[in-house]
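# Fold and contact review
For reference, the chains in residue letters:
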Amino acid sequence: MMRITRSLLASLAAVAAVVVGSATPAHAQSPSTAALDGLEPRFIGPAVMSGRIVDLAVVESGTVLYAASSTGGVWKTVDGGVTWDDVFRDEGTHSVGDVAVHPRDTAVVWVGTGERASRQSSGWGDGVYKSTDGGESWTHMGLPDSKHIGRIRMHPDDPDIVFVAAMGHLWGPNEERGLYRSTDGGATWERVLHVDQHTGVVDVIMDPSDPSILYAASYQRERRPWGFHGGGPGSALWKSTDGGDTWTKLTNAGLENGLPTGDIGRIGIDVYASDPRIVYVSVEQGERYNASTAYEQRAAGIYRSEDRGETWEHMSDWNPRPMYASQITVDPNDDQRIYMVNSYSWSDDGGRTFTVPRQTLHGDDRLVWVDPANSDHVIKADDGGLGLSWNRGQTFIYVTNLPVSQWYRVGLDNSFPFRICGGLQDNGSWCGPSSTWRNEGILDQDWIKTGGGDGFRNVFDTTTNRILYNESQYLGLQRIDLVTGESKNIRPNQPEGFIGARRNWTTWPDLDNPEQRLGNAMPPGNWDGPFIISPHDPNTLYAGLDELFVSRDQGDSWTSLGDLTSGVDRRTLEVMGELPDSSTLSLDDGIPYYPTLTEIVESPFEPGVLYVGTDDGQVRVSMDGGQSWDSAAERVPGLPADAWINGIEASRHVAGRLYLVANNYRNDDYANYVWASEDHGESWTRIDGGLPAERVARTLREDPRNPDLLYLGTEIGLFVSFDRGGSWTELRAGMPTMAFNDLVIHPRDNDLVLATHSRGLFILDDVNALQELTAGVMASSAHLFSAEPAYQIRYNGERGHTGDMIFHGENPPAGAILSFWMGEGVDDASLTVHDAAGAEVAAVPVDAPQPGINRAVWNLRMALGTPQEARGGPSGPWVMPGRYTVRLTAGGVTSEQELEVRADPRLDVEPASRARWTAQIEERARIAIEAQDFARRVGAMADEVGEGSPAELREAVAELQREANELRSRAGRLRSAEGWIGPLSADEIALQEFVVSMLATLRAEADALEARIGG
């Protein structure tokens, strides 16, 4: 047995940090991460489609629940699922495989990181974490190289005894895998079950009546860029009767106990809580896996034991897509009620037959939980979040406020506010607004689904903002008219159509009829197939399968520009040391095609200058519209063979300048790979040296205004470079640990849209500060950055009562975003706004500025000079649209920038009319202030009149106080005229005249009463 101590892990981590740090010295001109913390993006979700929930941990009462997201951390509810808090957000990874809470000491919670499913899109982790305060804080407890955790179990009486099923690396062999046990709360670990470097443990469960009895499932699997092998002799069912000290193999052990023989894939286990003699397992076996979802010939399936695993009865072969979610659940109160997932189903006869009900939740299920106290209370976790049922899983309440959507790609249009369309894992493509004009923010109702399957690239034709191109997996390309709702399938190279199943017939041919008529599969395409609209002609499209195609008529017809892959036959490529055949378990799940194109870019300067990348490490360049091609991969220093070309960015500033992003984690290499070229790929320079190790680069974008500013999305974090990759700074700014799969800067609004594969979409409004941050600015005491035009949006409340299960995406701040730099030691700053004549119109509150970039928001209103404005900001009416000067004074420095204020774009008001209205609103606001001041004056007078004063005087002051307060209320209504820009109504004019007249009358009466009191 192998023993690992936390002190040893800490030492190894320290050595690794020294090695990485020495290889990547900090660049002198780079700001620190803390200096950028003031640039906190807003979170817009959405939550309407939620995302993949892979595990649940429920406290006995059922009101406290932890939900583990595959790539979005852990979320907690204390009110039965009505509201949620993200409790696992700042740790070293975003990906979670399992969460467990101790049944007695419910403050003890464990999280196993790294998704349990072995998908091509699965995230990975860095070991296990423990909380002793119900998720308020976390401590990393080791097993950092396990990468994927299948299950965590705790001894019911002793929370210090913990078992961790470590699956190990998905993309290659490694040592740290198997079943680990700790008897000291995770301080040290002992590996108590180990098979080999390809086999980990995916499941472990305790006998609830005797914790010394355990069952475990080992799982042999490996993924490579070209395919998947999901089983072998290492997969097995195991049992221990001594608390994990020793183990007996129950499958393929010559026991003739009723369990299947031969190679096995994934196994799921459950024990019937009311009678632990009854044990169920789901066992994967089959022939001719169709590379996406199911076996043509199922085998194994559901087995039941009534003697704690000594003998087994085969109940049925039901086991939908077992490599993805082979998780069987037995109702703790009914041993005949069995739930299976990935095709949500139940059995009421112990697994002999199953009912697959129609459901309104997502169809790709991960887990079913049944309340031990009430079998009608069922929770289903799936790729669309959570469903809560109170009638045994027949109907569900959908949890609509868990924002853990997994975005792959996004595109933006030029409407106002601009729209965002993008593709998501297992949730199709969606479109929604970047902001709304309602107080409630961006709601689920604002999002529309525009595509099915797994969604990927969405590209607008921005000439009209009406036509959208998007795709599902394997380049399921369509053209959509967003006005009429019409859509057309425009996938290239399908003149005869193809079979629906994603099969590769050369894997298991029909030997009697190898050239089967009407048996052709779709032409090969990548999971995230590339396509673009030409930057020079909106009717010209390029799209990639294994060949590159071009269309000059919006996809109605296509011309092939040739196969740009290596052309390798993947059936000659081994997985786990074996070539595949018809018996290979879960063969190539999710990856029916290889090699294929992964990226296409056309030069924004030169039509027909094309750059292409592939999933087998090819980088191709054409200078003549695809008539001839040059291979550039051989000239890229350090590019691994078979690396996945994830992105190519062509500069919009310099012709021939390129950026190349590759990742190689699919070959179990988690290094960063980013390059730059200045000559169309003739030569390359590595620019990833300033990145922390093993972040895995995904997408690089060049800033549209500053050619030296780069943005880099990685599997773990977002980075910016101010010197074209010479150095990098991580941008955290209050964001959780997330995978940043795509990012786009809006060319008009200058907003950075971040598409995460963890928690949906974030927007950093106005990236001016990043674009203008120079060494000189960082050396200064203070500096004010430019600001984008600010709009006086008239926000309105549009919703009635909603309850609390609702997600509100954040709108941008209501006003002008003012970004400024503060040097070290400068702790005080003032921001003022001045009109064209230089007169100050507003002072903007600045809250405790910190060294680095700070932000304040001017609400676009004029100041009225009230004391409250020092804290709350200007309280007068909106200023006139026009140009203003913003002035920053700090650290002995004065810095100014011009700001344009624009009216709400929905309004069409003549400037002269707007000026008259603004003057009237200002006058009415000042009248309201006078009424407030008068009411305070009378209130002070009332306090001054004591019991010894004459009754008649006391009554007169009390009556005056009532009238003053009522007048203050009516004067406040003068400001309601701000709701409509234009001439005042007759009643609005009359009310103003009445308030002014009555105020004069009451003031005279107050003067007389004050004279009596003073006398």
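Predicted model, so just to flag it, every value in this text is computed and none were measured.

Moving on, we get to the nonpolar core. Counting residues in each nonpolar core, the largest one holds 34 residues, and the members touching the most others are Leu237, Ile267, Ile269, Val281 and Trp312. When residues of this core are traced back to their parent elements, those giving at least two are β15 (199-207), β16 (210-220), β21 (267-271), β22 (279-289), β23 (295-305) and α2 (322-325). Not counting chain neighbours up to four residues away, the residues in contact with Leu237 comprise Ala216, Thr248, Lys249, Leu250, Thr251, Leu259, Ile267, Ile269, Val281 and Trp312.

Quick look at the UniProt feature "domain: Sortilin N-terminal" (unreviewed entry) in the protein chain now. Listed under "domain: Sortilin N-terminal" (unreviewed entry) in the UniProt record, and renumbered for this structure, are residues 74-194 and 673-758. Each end of residues 74-194 is marked by a C-alpha atom, and these two atoms are 29 Å apart; helix forms 0% of the span and strand 39%. Between the first and last C-alpha atoms of residues 673-758 the distance is 22 Å; the span itself is 0% helix and 42% strand.

Moving on, we come to the pairing of β15. Taken residue by residue, a regular strand's side chains alternate between the two faces of the sheet. Of all nine residues in β15, nine are buried, a share of seventy percent or more. Here eight bridges tie β15 to β16, and the two strands are oriented antiparallel to one another. Bridge pairing links Ile205 to Tyr215 in β16. Connecting β15 to the antiparallel partner β16 that follows it, the hairpin turn spans two residues.

At a minimum axis separation of 11 Å, helix α6 (residues 911-944) and helix α8 (residues 986-1014) run at an interaxial angle of 25°. Classed by the angle they form, the pair α6 and α8 counts as roughly parallel. In this structure, α6 meets α8 at a crossing whose hand is left-handed. Each residue belonging to the contact of α6 with α8 can be placed in one class, and the counts come to twelve nonpolar, one polar and nine charged.

With that settled, consider helix α7 (residues 951-972). Spanning 22 residues, α7 covers 32 Å between terminal C-alpha atoms, matching the ideal 32 Å at 1.5 Å per step. Those residues of α7 lying buried are Leu953, Val957, Leu960, Ala964, Leu967 and Ala971. Take α7 and look down its axis: the buried residues cluster within an arc of 90°, on one side only. At its buried positions, α7 is contacted by α6 and α8.

Taken as a whole and judged by the stated rule, the model has 23 aromatic pairs. With a centroid separation of 4.8 Å and an interplanar angle of 70°, the aromatic rings of Tyr289 and Tyr295 are classed as edge-to-face. Exposure remark for Tyr289: the relative accessible area of 1% places this residue in the buried category. Judged by relative accessible area, Tyr295 falls into the buried class, the value being 10%. In textbook terms, an aromatic cluster arises when at least three aromatic residues are bridged by ring pairs, as seen for Tyr408, Phe456, Tyr474, Trp527 and Tyr593. The ring of Trp644 is capped by Arg666, whose NZ or CZ atom sits 3.6 Å from the centre of that ring. If you follow Arg861 out to its NZ or CZ, it ends over the ring of Trp878, 4.8 Å from the centre.

Turning next to the state of the cysteines. Scanning the entire structure with this criterion turns up one disulfide. The disulfide that involves Cys421 links it to Cys431, with 1.8 Å between the sulfurs. In this structure the cystine formed by Cys421 and Cys431 twists about its S-S bond by roughly 120°; its chirality is therefore right-handed. Residue Cys421 is located in strand β33 (residues 419-424), and its partner Cys431 is located in strand β34 (residues 428-433); the two are separated by ten residues in the primary sequence. Relative accessible area serves as the criterion here: at 0%, Cys421 is assigned to the buried category.

A few words now on the side chain of Arg698. Following the sequence through the fold, Arg698 ends up in strand β52 (residues 697-702). According to the relative accessible area criterion, Arg698 is buried, its value standing at 10%. A polar contact of 2.8 Å, which involves the side chain of Arg698, links it to the side chain of Glu715.

Before going further, it helps to examine the sheet that holds strand β64 (residues 852-858). If you trace the three strands from one edge of the open sheet to the other, you get β59-β61-β64, paired in antiparallel fashion. Looking at the sheet topology across the chains shown, the edges are occupied by β59 (782-784) and β64. The sheet shows a mean angle of 25° between the axes of neighbouring strands, direction not considered. Relative to β64, strand β61 (residues 816-822) runs antiparallel, the two sharing seven bridges. Considered in β64, the bridge of Ala816 is made with Trp858.

On to the environment of Ile442. As for its position among the elements, Ile442 is in the loop between β34 and β35 (448-451). Along the sequence, Ile442 and Gly45 sit 397 residues apart, while their C-alpha atoms lie 8.4 Å from each other. Apart from the residues within four sequence positions on either side, Ile442 is in contact with Arg42, Ile44, Pro433, Ser434, Ser435, Thr436, Trp447, Phe807, His808, Gly809, Glu810 and Asn811.

All right, on to the environment of Val879 then. Its place among the elements puts Val879 in the loop between α5 (869-872) and β65 (882-890). Separated by 424 residues in sequence, Val879 and Gly455 have C-alpha atoms that sit 44 Å apart. Excluding its chain neighbours within four sequence positions, the residues that come into contact with Val879 are Gln792, Trp858, Leu860, Arg861, Met862, Tyr884, Val901 and Arg914.

Moving on, we come to a negative patch on the surface. On the surface, Asp79, Asp85, Asp133, Glu136 and Asp804 cluster together into a patch of negative charge. Inspection of the secondary structure puts Asp804 in the loop between β60 (790-792) and β61.

Quick look at the pairing of strand β12 (residues 162-166) now. For β12, a buried count of five out of five residues is recorded, marking the element as mostly surrounded by other parts of the structure. Burial along β12 is two-sided: the face carrying Val162, Val164 and Ala166 and the face carrying Phe163 and Ala165 are both buried. Both strand β11 (residues 149-154) and β12 contribute to a ladder of five bridges, which runs antiparallel. From the neighbouring strand, Ile152 faces β12, where its bridge partner is Val164.

Rules used in this analysis
- Each residue is numbered by its place in its chain's sequence as written, counting from 1.
- Local features are withheld for residues below a pLDDT of 70 in this predicted model, meaning they are given only at 70 or higher, and side-chain atom pairs are given and counted only at 80 or more; totals for whole chains, interfaces and linings count all residues.
- Hydrogens and water molecules were not included; the side-chain quantities draw on all heavy atoms of the structure.
- Nine residue types can take part in a nonpolar core, namely buried Ala, Val, Leu, Ile, Met, Phe, Trp, Tyr and Cys, and a core is a set of them joined through side-chain atoms within 4.5 Å.
- In this scheme, a residue with accessible area under 20% of its type's maximum is buried, one over 50% is exposed, and one in between is partly exposed, where area comes from a 1.4 Å probe on protein chains only.
- Working definition: helices are DSSP H or I runs of at least four residues, strands are E runs of at least two. Numbering for both runs from the N terminus.
- Here a residue-residue contact requires only that any non-hydrogen atoms of the pair lie within 4.5 Å.
- UniProt positions are given in the numbering used here, feature names are shortened, and annotations may be inferred rather than shown by experiment.
- One bridge is not enough; two strands pair if DSSP finds at least two bridges between them.
- Interaxial angles span 0 to 180 degrees and are taken between N-to-C directions of axes, which are lines fitted to C-alpha atoms, for helices over the stretch in contact.
- By definition in this entry, angles of less than 35 degrees are roughly parallel, angles greater than 145 are roughly antiparallel, angles of 65 to 115 are roughly perpendicular, and the rest are oblique.
- Crossing handedness: left-handed means the near helix sits turned counterclockwise from the far one by under a right angle, and right-handed means the same turn made clockwise.
- Each residue gets one of three labels, nonpolar for Ala, Val, Leu, Ile, Met, Phe, Trp, Tyr, Cys and Pro, charged for Asp, Glu, Lys and Arg, and polar for the others, Gly among them.
- Here a helix's expected span is defined as the number of its residues, less one, multiplied by 1.5 Å.
- Throughout, the arc means the angular range of directions from the helix axis out to the C-beta atoms.
- For this analysis, a ring pair means two rings from Phe, Tyr or Trp (six-membered ring only for Trp) whose centres lie within 6.5 Å, classed as stacked if their planes differ by under 30 degrees, edge-to-face if by over 60, and tilted for the remaining angles.
- Geometrically, a lysine NZ or arginine CZ counts as sitting over a ring once it is within 6 Å of the ring centre and also within 35 degrees of the ring normal.
- Pairs of cysteine sulfur atoms within 2.5 Å are identified as disulfides in what follows.
- Throughout this description, a polar contact denotes any pair of N or O atoms lying within 3.5 Å of each other; where both atoms belong to protein, one of them has to be capable of donating a hydrogen while the other can accept it, and for residues adjacent in sequence the pair is counted only when both atoms sit in side chains.
- Like-charged residues are merged into a patch within 9 Å and nonpolar side chains (Val, Leu, Ile, Met, Phe, Trp, Tyr) within 5 Å, provided each residue has over 30% relative accessible area and no salt bridge.
- To be clear on the numbers: accessible area is Shrake-Rupley with a 1.4 Å probe, and residue cover counts the displayed protein chains and nothing else.
- Salt bridges, as used here, are contacts in which a Lys or Arg side-chain nitrogen is within 4 Å of a carboxyl oxygen on Asp or Glu.
- Charge convention: Lys and Arg are scored as positive, Asp and Glu as negative, and His as well as the terminal groups of each chain are ignored.
- We put the charge of a Lys on NZ, of an Arg on CZ, of an Asp on CG and of a Glu on CD.

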